[in-house]
Amino acid sequence: MAIVLLSGMAADERLFGPQLAHFPDLRVLRWIEPLPGESLRNYAARMARLIEPDCPCLIGGASFGGIVALEMAVHLRARECVLIGSVRSPIELPLRWRLLWPVMLLGPDRLGTLAGLVARWGRRFLSGGTIRRLRRLSQPEAAFVRWAMCAVTHWRARPAVRRVRVFQIHGANDQTLPVALTRPDVIVPTGGHALTLFSAATVNEFLSEVVRQVAPSRSARPIEN
């Protein structure tokens, strides 16, 4: 069975280096350019068109990629989704993400401008690490990250997503998306957020087991919205 994975919002296929070496049928999708004002739901629908509609596959992703994969699953011959250090619904996002909702109303472009201004004038009360992150966020090359942040903050899962069978693995020490807020099938005791790199053997074993479980359902049809 083909495996299709999506990386985090600030990552690429290198995040799945150990998995690409282990699974010959693994494909890592590259992010496409979001449209102005596009929602996460509509973006996922366009991403799903990159996959042959009649091709049975196991869709999944890490962090932000898992969220997009979950929304993509309803458009594919896939009723299963693998979440690697990700979440099943908006209510599982950390409180800090939900508190950012008013700021994210600015949109990606204005968010970049604000990040640059805060980095410039906030040196007296912000740490050096925060200033550096804000500077990176304000750069033109961070446009996709800014859009993804806004999209996640305003994410409202479609009803059909609840009918997707989820297989989830999460790190016990994940500081980005705390494990206490979600419901993983497998918790990696020493795992952080980048499970695919630093807990690669465990992730590979988990993916292999998922493939064994879902392979008999290759004939599944797309879920109706």
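Further up the page is the structure itself.
Let me sum up the structure you'll find in this document. (Residues numbered from 1 in each chain as written. Predicted model: local features only at pLDDT ≥ 70, side-chain atom pairs only at ≥ 80, totals over all residues. Heavy atoms only, no water.)

### Here we look at the overall build of the chain
(1) Moving on: The helix and strand inventory of the chain stands at 10 helices and 6 strands.
(2) Moving on: Taking 2.2 N^0.38 as the reference for a compact globule, 225 residues should give roughly 17 Å; the C-alpha atoms of the chain span a radius of gyration of 18 Å, in line with that estimate.
(3) Moving on: Overall size of the chain, expressed as C-alpha extent along the three principal axes, is 60 × 35 × 30 Å.
(4) Moving on: Considering the chain as a whole, with its 225 residues, one finds that 51% of them fall into the buried category.
(5) Moving on: Taking contacts inside the chain between residues at least 6 apart in sequence as the whole, the part at least 24 apart equals 63%.
(6) Moving on: With an accessible surface of roughly 11,700 Å², the chain has 56% of that area assigned to carbon and sulfur atoms. (Helix = DSSP H or I, 4+ residues; strand = E, 2+ residues; numbered from the N terminus. Rg over C-alpha atoms; globule rule 2.2 N^0.38 Å. Buried < 20%, exposed > 50% of the residue type's maximum accessible area, 1.4 Å probe, protein only. Contact = heavy atoms within 4.5 Å. Areas by Shrake-Rupley, 256 points an atom, 1.4 Å probe, with all protein chains shown as cover.)

### Regarding the sheet that holds strand β5 (residues 165–171)
(1) Moving on: If you trace the 6 strands from one edge of the open sheet to the other, you get β2-β1-β3-β4-β5-β6, paired in parallel fashion. Each edge of the open sheet is held by one strand with a lone partner, namely β2 (26–28) and β6 (186–188). The mean angle between the axes of side-by-side strands here comes to 20 degrees, regardless of whether they run parallel or antiparallel.
(2) Moving on: Bridge count between β5 and β6: 3 bridges; the pairing is parallel. Across the sheet, the residue bridging to G171 is V188, located in β6. (Pairing = 2+ DSSP bridges. Axes fitted to C-alpha atoms, helices over the stretch in contact; angles between N-to-C directions.)

### Side note on the nonpolar core
(1) Moving on: If you look at the biggest cluster of nonpolar residues, it comprises 47 residues, and the most contacted ones within it are L6, I59, F64 and M72.
(2) Moving on: Where this core is concerned, the elements lending two or more residues are β1 (2–6), α2 (40–48), β3 (57–62), α3 (64–72), β4 (80–84), α6 (107–121), α7 (128–138) and α8 (143–153).
(3) Moving on: A per-element tally of this core places α8 first, with 7 residues.
(4) Moving on: Setting aside anything within four residues of it in sequence, one finds F64 in contact with S7, G8, M9, W31, L40, F144, W147, A148 and V152.
(5) Moving on: In this structure, F23, L26, V210 and V214 belong to the second largest nonpolar core, which totals 22 residues. (Core = buried A, V, L, I, M, F, W, Y, C linked by side-chain atoms within 4.5 Å.)

### Focus on a nonpolar patch on the surface
(1) Moving on: Together, L100, V103, L106, L114 and V118 make up an exposed nonpolar region whose accessible area comes to about 310 Å².
(2) Moving on: Within the element layout of this structure, L106 appears in the loop between α5 (101–104) and α6.
(3) Moving on: Owing to a relative accessible area of 35%, L106 belongs among the partly exposed residues under this scheme. (Patch = residues over 30% accessible without salt bridge, like charges linked within 9 Å, V, L, I, M, F, W, Y side chains within 5 Å. Salt bridge = Lys/Arg side-chain N within 4 Å of Asp/Glu carboxyl O.)

### Points about the pattern of salt bridges
(1) Moving on: Taken as a whole and judged by the stated rule, the model has 7 salt bridges.
(2) Moving on: A salt bridge links R14 to D12, with the shortest nitrogen-to-oxygen separation between them at 2.7 Å.
(3) Moving on: Residue class for D12 comes out partly exposed when judged on its relative accessible area of 24%.
(4) Moving on: Between R46 and E38 there is a salt bridge, with its nearest N and O atoms 2.8 Å apart. With respect to class, R46 is no different from E38; both count as buried.

### Side note on the pairing of β4
(1) Moving on: Summarising burial for β4: 5 of the 5 residues are buried, a large majority.
(2) Moving on: Residues E80, V82 and I84 of β4 are buried on one face, and the alternating residues C81 and L83, pointing to the opposite face, are buried as well.
(3) Moving on: Direction of pairing for β3 relative to β4: parallel, over a ladder of 4 bridges. Bridged to G61 within β4 is L83.
(4) Moving on: As paired strands, β4 and β5 are joined by 5 bridges and run parallel to one another. Each residue of the ladder has a partner; that of I84, found in β5, is I169.

### A short note on unusual backbone geometry
(1) Moving on: Even without a glycine there, the phi angle at S63 is positive, about 55 degrees.
(2) Moving on: Of note, S63 is situated in the loop between β3 and α3.
(3) Moving on: The buried category is assigned to S63, whose relative accessible area is 18%.

Everything listed is a geometric property; what it means functionally is a separate question.
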